[in-house]
Amino acid sequence: MWNLARVAASVLSRSRRFSTAIPGPCMVHKRGTDILHDPWFNKDTGFPLTERDRLGLRGLLPPRVISFEQQYARFMESFRSLEKNTEGQPNKVVSLAKWRILNRLHDRNETLYYRVLIDNIKDFAPIIYTPTVGLVCQNYSGLFRRPRGMYFSAKDKGEMMSMIYNWPAQQVDMIVLTDGSRILGLGDLGVQGIGIPIGKLDVYVAAAGINPQRILPVMLDVGTNNQKLLEDRLYLGLRQPRLEGEEYLSIVDEFMEAVHARWPKAIVQFEDFQMKWAFETLERYRKRFCMFNDDIQGTAGVALAGLLGTVRAQGLSLTDFADQKIVVVGAGSAGLGVLKMAVQAAARMAGNNDAFARNKFFLLDKDGLITKERKNLDPAAAPFAKDPGDFMGLREGASLLEVVRKVKPHVLLGLSGVGGVFNEEVLKAMRESDSVKPAIFAMSNPTMNAECTAADAFKHAGENIVFASGSPFENVDLGNGKIGHVNQANNMYLFPGIGLGTLLSGARFITDGMLQQAAECLASYMTDEEIPKGILYPSIDSIRDITAEVGAAVLRAAVEEDLAEGHGEVGPRDLKHMSKVGPY
Ligand SMILES: NC(=O)c1ccc[n+]([C@@H]2O[C@H](COP(=O)([O-])OP(=O)(O)OC[C@H]3O[C@@H](n4cnc5c(N)ncnc54)[C@H](O)[C@@H]3O)[C@@H](O)[C@H]2O)c1
Ligand SMILES: O=C(O)C[C@H](O)C(=O)O
Ligand SMILES: [Mg+2]
């Protein structure tokens, strides 16, 4: 164990009661109903009589003081009875009802909200995060009650530097930013995509203990190309086509500069941008601002950890990763991010033999296998394009089924956003895999966009597979007391730790080295007892523990790269000292 892991863990344990990565006095300048209507400070009926006197609350609440624990029990009782009362109703109705009850608490009393979220993360993550958050975004205009976060639109050009000061918090540590152009696998949802930054930041609070008063979800509304939304009279965003080219970039530039001017150390996580802007903004900003793209970089680390776990599950040594044949379905921001990091890792293991490593990967998009013959080959996909006919005569545009039948891959990994592309035939073809324990990663979100279900994977590809999906599925009962374990390969296992480690390090940039350490930390987290059972990632119940470890790994990498400037009272020299290996 490292001292830094202890620092990260202690930040988290300090935040158990009232999540806050940064200790310090919390001054309340409000009084009376202003406090009751402010979810940051509201304690509902929990205000003790002394506080009611001091804060001008006397007479504004029913007289009985209800303790925090009683409020907690009351909420959980309501939640459980809602679960009971909605039994048998359509999934969508039940999920939205659960989201509403949690959202009302979020809007009223954040202290209680985050307490129940942290304690019940396994039950509540599928509501505030994928898959329900997707449904919420799709229905956002109808569900909208109170604003959360900030909205910067194309109409605000020239005003952002002053608008940023409208945010009430003095300090912001974590921002999650989207332009709503590729929300999960649901496409362009325009301003309705704000649900994603809100959900991601809830995970930051629950997993990394980030102070809820220092998070900021942001929507950059540059229009939408979703015709249905443009025609919807209740749509809450700009009713215009998306800005393109320099016009688009000038909006993002202005936002980034405004953030940097007010909070120079805030970390900006780019989320669910369509591919062209995902890559372009990452290149444009990563050396100027403290930012990362979660879909490209967070996903890559989580997938790589799972791929390395798969090698271990086959009883092989990690260096055998270089020999695995991997078919990646989806050449978007996520698929290409995964390929880049996985090829780099394989090349390192093959003695820096990049060409050898690339040979083992096969990339497909909606038009089939990508080869150098592809017309208008995307420059980002070009390094992974095959020579046509190179591998068993596989041609440009070969279908997924043909590729799987000929390649007999060790791993089939989907980031296509298309539900069901791993159909029965494709899954059955995986039975001929060259691996004794083939892996099927259906990573697209939400559930209906997963490339296959867990049950279908075990049914058609065989019981000896390793399975992972981006959204949660139940473990599969294989009969005879056997269980097919379902992993959730989701970037939530990394992004909170990337943010926490970067924040505590005080680094101004997030480097490849920091991200690599994050991935390696996740990869080595699972024990030799768990891995052979096909368990590649920790249970979400352990998300705070894995986040502390990942945070420490990122922090240590920042120290090693001489980027750590320190945070709060902990200076760069302290961090250097704490980075030395040593017993507790
Ligand atoms: N599990 C995770 O942590 C995680 C992380 C990031 C993204 N995702 C999911 O991955 C999906 C894709 O995200 P993205 O940002 O790469 O999207 P994207 O739009 O940038 O890319 C989608 C890619 O899939 C390809 N595709 C479409 N239909 C296909 C088909 N029938 N067969 C093969 N390929 C097809 C497209 O050509 C494109 O290359 C989304 O559903 C998203 O939710 C999951
Ligand atoms: O949001 C998620 O659940 C993961 C990922 O960032 C995605 O875009 O699907
Ligand atoms: Mg995303």
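Residues numbered from 1 in each chain as written. Chains lettered and ligands numbered in written order. Predicted model: local features only at pLDDT ≥ 70, side-chain atom pairs only at ≥ 80, totals over all residues. Heavy atoms only, no water.

- Under the annotation held in an unreviewed UniProt entry, the chain carries the name Malic enzyme and is attributed to Citrus sinensis.
- Check the Function (unreviewed entry) section of the UniProt entry for the chain; it says "Involved in the regulation of sugars and amino acids metabolisms during the night period." (UniProt positions renumbered as here; feature names shortened; annotations may be inferred.)

**Observations concerning the side chain of Asn293**
Right, so step 1: Mapped onto the fold, Asn293 is located in strand S5 (residues 291-293).
Right, so step 2: Residue classification places Asn293 among the buried positions, given a relative accessible area of 1%.
Right, so step 3: In this structure the side chain of Asn293 is engaged in a polar contact, spanning 2.9 Å, whose partner is the backbone nitrogen of Asp295.
Right, so step 4: From its side chain, Asn293 meets the backbone nitrogen of Ile296 in a polar contact 2.9 Å long.
Right, so step 5: Dropping the residues within four chain positions of it, Asn293 is found in contact with Phe270, Ala278, Leu282 and Gly298. (Helix = DSSP H or I, 4+ residues; strand = E, 2+ residues; numbered from the N terminus. Buried < 20%, exposed > 50% of the residue type's maximum accessible area, 1.4 Å probe, protein only. Polar contact = N/O pair within 3.5 Å; in protein donor to acceptor, adjacent residues only side chain to side chain. Contact = heavy atoms within 4.5 Å.)

**As for the pairing of strand S3 (residues 215-221)**
Remark: a regular strand shows side chains that alternate across the two faces of the sheet.
Right, so step 1: In terms of burial, S3 is a largely internal element, seven of the seven residues being buried.
Right, so step 2: The pairing of strand S1 (residues 150-153) with S3 spans four bridges and is parallel. Paired with Phe152 across the strands is Leu220, a residue of S3.
Right, so step 3: Two elements, strand S2 (residues 174-178) and S3, share five bridges in a ladder whose sense is parallel. Directly across from Val176, in S3, lies its bridge partner Pro217. (Pairing = 2+ DSSP bridges.)

**Thoughts on the UniProt feature "binding site: (S)-malate" (unreviewed entry) in the chain**
Right, so step 1: What UniProt calls "binding site: (S)-malate" (unreviewed entry) maps, in this numbering, to Arg182, Asn445 and Asn490.
Right, so step 2: Within the secondary structure layout, Asn445 lies in the loop between strand S10 (439-442) and helix H20 (454-461).
Right, so step 3: Among the residues examined, Asn445 registers a relative accessible area of 15% and is labelled buried.
Right, so step 4: Ignoring any residue separated from it by four or fewer positions in sequence, one finds Asn445 in contact with Thr130, Leu184, Gly185, Gly470, Ser471 and Asn490.

**Comments concerning the sheet that holds S5**
Right, so step 1: Strand order in this open sheet of five strands is S1-S3-S2-S4-S5, and the pairing throughout is parallel. Bordering the open sheet on either side are S1 and S5, each of which pairs with just one other strand. With strand direction ignored, the average angle separating the axes of adjacent strands in the sheet is 20°.
Right, so step 2: Taken together, the four bridges between S2 and strand S4 (residues 267-270) define a ladder with parallel strand orientation. When the sheet's bridge partners are listed, Leu177 is paired in S4 with Phe270.
Right, so step 3: Packed on one face of the sheet, helix H14 (residues 275-285) meets S4 and S5 and runs near 160° to S5. (Axes fitted to C-alpha atoms, helices over the stretch in contact; angles between N-to-C directions.)

**Notes on the site of ligand 1**
Right, so step 1: For ligand 1, the set of nearby residues contains 26 residues, the closest of which are Arg182, Ala331, Ser333, Ala334 and Asn491.
Right, so step 2: One of the backbone nitrogen or oxygen atoms of Gly185 is found 3.4 Å away from an oxygen atom of ligand 1.
Right, so step 3: The separation between an oxygen atom of ligand 1 and a polar main-chain atom of Lys366 is 3.2 Å.
Right, so step 4: In the complex, the protein chains occlude 84% of the 870 Å² of accessible area that ligand 1 would expose alone.
Right, so step 5: Looking at the shell around ligand 1, the elements that each hand over two or more residues are helix H15 (294-313) and helix H16 (333-349).
Right, so step 6: Residues of the shell around ligand 1, tallied by class, amount to ten nonpolar, twelve polar and four charged.
Right, so step 7: Of the domains in this structure, domain 1 (69-289) and domain 2 (297-493) are the two that each give at least three residues to the shell around ligand 1. (Near = heavy atom within 4 Å. Areas by Shrake-Rupley, 256 points an atom, 1.4 Å probe, with all protein chains shown as cover. Nonpolar A, V, L, I, M, F, W, Y, C, P; charged D, E, K, R; others polar. Domains from an automatic or database assignment.)

**Here's the deal with the UniProt feature "active site" (unreviewed entry) in the chain**
Right, so step 1: What UniProt calls "active site" (unreviewed entry) maps, in this numbering, to Tyr129 and Lys200. The annotated residues occupy 72 residues of the chain but converge on a single region, no pair of C-alpha atoms lying more than 7.1 Å apart.
Right, so step 2: Along the polypeptide, Tyr129 turns up in the loop between helix H7 (121-128) and helix H8 (132-138).
Right, so step 3: Sequence-distant contacts of Tyr129, that is, excluding residues within four places in its chain, are made with Gly199, Lys200, Val203, Asn490, Asn491, Met492 and Phe495.
Right, so step 4: Along the chain, Lys200 turns up in helix H11 (residues 195-208).
Right, so step 5: Residue Lys200 is classed as buried on the basis of its relative accessible area of 6%.

**A few points about helix H6 (residues 110-119)**
Right, so step 1: A large share of H6 lies buried, amounting to nine of its ten residues.
Right, so step 2: Within H6, the full set of buried residues consists of Glu110, Thr111, Leu112, Tyr113, Tyr114, Arg115, Val116, Leu117 and Ile118.
Right, so step 3: In this fold, the buried residues of H6 make contact with helix H4 (68-85), helix H5 (91-108), H7, H11, S3 and helix H23 (543-560).
Right, so step 4: Structurally, the start of H6 carries an N-cap: the backbone nitrogen of Thr111 is 3.3 Å from a side-chain oxygen of Asn109.

**Digging into the site of ligand 2**
Right, so step 1: Taken together, Tyr129, Thr130, Arg182, Leu184, Lys200, Glu271, Asp272, Asp294, Asp295, Asn445, Asn490 and Asn491 are the residues near ligand 2.
Right, so step 2: Taking Lys200, its side chain carries an N or O atom lying 2.9 Å from an oxygen atom of ligand 2.
Right, so step 3: Interatomic distance of 2.8 Å between a side-chain N/O atom of Asn445 and an oxygen atom of ligand 2.
Right, so step 4: Burial of ligand 2 by the protein amounts to 91% of the accessible area it has alone, namely 260 Å².
Right, so step 5: Counting only domains with at least three residues in the shell around ligand 2, you end up with domain 1 (69-289) and domain 2 (297-493).

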